[in-house]
Amino acid sequence: MIIVTGANGKLGRAVVEQLLKRVPAEQIGVSVRDPNQAQALQERGVRVRRGDFDDAESLHHAFEGASQVLIVSTGIMGEAGIPHGIRQHQAAIDAAKKAGAGRMLYTSHMGASPTSHFAPMIHHAATEELLKASGMPYTSLRHGYYAAAAPMLIGGAMTTGELIAPEDGPVAWTVHSDLAEAAAAIISEQKLDGMTPNLTASEAIDMEGIAAIASELLGRSIRRIVVSDEEFRDRMLSQGVPEASINMRMGMFLASRQGDFAQVDPTLAHLIGRPPLSISTTRLIVQASPGSRS
């Protein structure tokens with residue numbers, strides 16, 4: 001049985017939907033914190049069980065009979081969350097091993113590094129080391145940067161007309177739906193062992209490019225304005241943005257200017273059999289704007 005964790009979340013649910021196109025529902029199980037939210041999947045024949053990364057016994061039950069387990073990464077907010085997140089992932093790895101799974105898969109990131117300026121990348125790198133140490137076959141899905149994060153990074157630019165941010169670098173923005181389709185292919189066809197190549201869209205775009213795309217989609221000018229790191233932090237503080245959120249944004253800008261998210265790769269396109277969606281065609285960067293054109 002293929003087990004998918006976090007199946008009530010955006011990525012996990014999308015993976016399950018793609019798997020349902022490839023394998024019978026009775027061969028799929030989901031591990032979710034709230035089974036009531038996965039009732040629709042259960043009605044379609046998917047096995048639904050409660051699984052909480054902070055409750056090892058629940059994971060043992062949720063992973064029972066697993067042949068493959070996809071561990072969808074837990075979200076963290078800054079460096080303070082890294083130890084807890086690593087403990088959660090260790091619990092999931094241990095449960096998969098105890099269940100006798102033949103392979104574990106993990107939703108990692110192209111920028112995973114123990115020395116990254118961006119806290120989630122440290123989290124991913126540490127989890128990859130846990131996978132290596134487990135002694136089990138594994139696949140670490142090196143995802144491109146999620147395009148869904150773009151609206152948070154560009155702040156109020158859609159209403160003010162000014163995209164004010166520190167120096168940045170190109171980012172291979174990649175959409176959840178493409179990554180979910182690729183994950184389903186990798187799982188169902190037993191492809192790619194160890195660290196995957198970067199699973200990215202076909203282009204990397206910086207904030208200047210984002211401003212240009214937003215301008216075209218909105219039909220009005222969005223100016224990119226570069227400020228110092230200190231000025232950006234002060235601006236965010238004055239707007240009441242929590243310190244943890246500011247640190248996360250700054251970490252992303254620092255990592256991107258070093259090129260951590262810039263490398264594109266054709267592997268995702270090969271897996272899904274078509275060009276990946278670009279951030280410009282998905283309209284994700286203007287989805288939060290009340291004045292965007294339909």
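Please refer to the structure higher up on the page.
Source: prediction; values computed, not measured. (Residues numbered from 1 in each chain as written. Predicted model: local features only at pLDDT ≥ 70, side-chain atom pairs only at ≥ 80, totals over all residues. Heavy atoms only, no water.)

Caption draft 1: Main features of the overall build of the protein chain. When its secondary structure is counted, the protein chain shows 13 helices and 9 strands. For the protein chain, the C-alpha radius of gyration of 19 Å lies close to 19 Å, the compact-globule estimate for 294 residues. Taking all 294 residues of the protein chain together, 54% fall into the buried category. With an accessible surface of roughly 12400 Å², the protein chain has 51% of that area assigned to carbon and sulfur atoms. If you average the places of the 26 positive and of the 31 negative side-chain charges in the protein chain, the two averages end up 5 Å apart. (Helix = DSSP H or I, 4+ residues; strand = E, 2+ residues; numbered from the N terminus. Rg over C-alpha atoms; globule rule 2.2 N^0.38 Å. Buried < 20%, exposed > 50% of the residue type's maximum accessible area, 1.4 Å probe, protein only. Areas by Shrake-Rupley, 256 points an atom, 1.4 Å probe, with all protein chains shown as cover. Lys, Arg positive; Asp, Glu negative; His and termini not counted. Charge placed at Lys NZ, Arg CZ, Asp CG, Glu CD.)

Caption draft 2: Quick look at the packing of aromatic side chains. If you walk through the whole model with that rule in mind, you get 5 aromatic pairs. Pairing Phe118 with Tyr145 gives two aromatic rings, centres 6.0 Å apart and planes at 25°, and the pair type is stacked. Within this pair, whereas Phe118 is found in the loop between β5 (103-109) and α5 (119-134), its partner Tyr145 is found in the loop between β6 (138-143) and α6 (150-154), the two being separated by 27 residues in sequence. For Phe118, a relative accessible area of 7% gives the class buried. Through a chain of ring-to-ring contacts, three or more aromatic side chains come together here, namely Phe118, Tyr145, Trp173 and Phe261. (Phe/Tyr/Trp six-rings, centres within 6.5 Å; stacked < 30°, edge-to-face > 60°.)

Caption draft 3: View of the sheet that holds strand β1 (residues 2-5). Read from one edge of the open sheet, 7 strands run β3-β2-β1-β4-β5-β6-β8, paired in parallel fashion. If you trace the sheet from one side to the other, it starts and ends with β3 (47-50) and β8 (194-195), each paired once. Lying on the sheet, helix α4 (residues 82-98) is in contact with β4 (68-71) and β5; it crosses β4 at an angle near 175°. (Pairing = 2+ DSSP bridges. Contact = heavy atoms within 4.5 Å. Axes fitted to C-alpha atoms, helices over the stretch in contact; angles between N-to-C directions.)

Caption draft 4: Structural detail: helix α11 (residues 243-257). Relative to the 21 Å expected for 15 residues at 1.5 Å per residue, α11 spans 21 Å between its end C-alpha atoms, a close match to the ideal helical length. Of the residues flanking the end of α11, it is Gly259, one or two places downstream, whose phi is positive at about 85°. (Expected span 1.5 Å × (residues − 1).)

Caption draft 5: Up close: the packing of α4 against α5. Where α4 meets α5, the closest approach of the two axes is 10 Å, and the angle between their N-to-C directions is 30°. Taken together, the axes of α4 and α5 are roughly parallel relative to one another. Regarding α4 and α5, the two cross each other, and that crossing is right-handed. Residues Ile82, Gly85, Ile86, His89, Gln90, Ile93 and Lys97 of α4 pack against Ala119, Ile122, His123, Ala126, Thr127, Leu130, Leu131 and Ser134 of α5. Looking at side-chain class alone, the contact of α4 with α5 contains 8 nonpolar, 6 polar and 1 charged residues. (Parallel < 35°, antiparallel > 145°, perpendicular 65-115°, else oblique. Left-handed = near helix turned anticlockwise from the far one by under 90°. Nonpolar A, V, L, I, M, F, W, Y, C, P; charged D, E, K, R; others polar.)

Caption draft 6: Summary view of the packing of helix α10 (residues 229-238) against α11. Axis separation between α10 and α11 bottoms out at 10 Å; the angle between their running directions is 155°. By the angle between their axes, α10 is roughly antiparallel relative to α11. Crossing of α10 over α11 shows right-handed handedness. Touching Asp229, Phe232, Arg233, Met236 and Leu237 of α10 are Glu243, Ile246, Asn247, Arg249, Met250, Phe253, Leu254 and Arg257, all from α11. Here the contact of α10 with α11 is built from residues that sort into 7 nonpolar, 1 polar and 5 charged.

Caption draft 7: Broad picture of α4. Its 17 residues place the ends of α4 24 Å apart at the C-alpha level, agreeing with the 24 Å of an ideal helix rising 1.5 Å per residue. Listed in full, the buried residues belonging to α4 are Ile82, Gly85, Gln88, His89, Ala91, Ala92, Ile93, Ala95 and Ala96. Contact partners of the buried residues in α4: α3 (56-62), β4, β5 and α5. Of the residues trailing α4, Gly100 is marked for its positive phi of about 80°.

Caption draft 8: Examining unusual backbone geometry more closely. Although it is not a glycine, Gln190 adopts a positive phi angle of roughly 55°. Examined against the element boundaries, Gln190 turns out to sit in the loop between α8 (176-188) and β8. With relative accessibility at 52%, the residue Gln190 sits in the exposed group. Notably, Leu192 is not glycine yet its phi reads approximately 60°, a positive angle. Mapped onto the elements of the fold, Leu192 is located in the loop between α8 and β8. Residue classification places Leu192 among the partly exposed residues on the basis of a relative accessible area of 29%.

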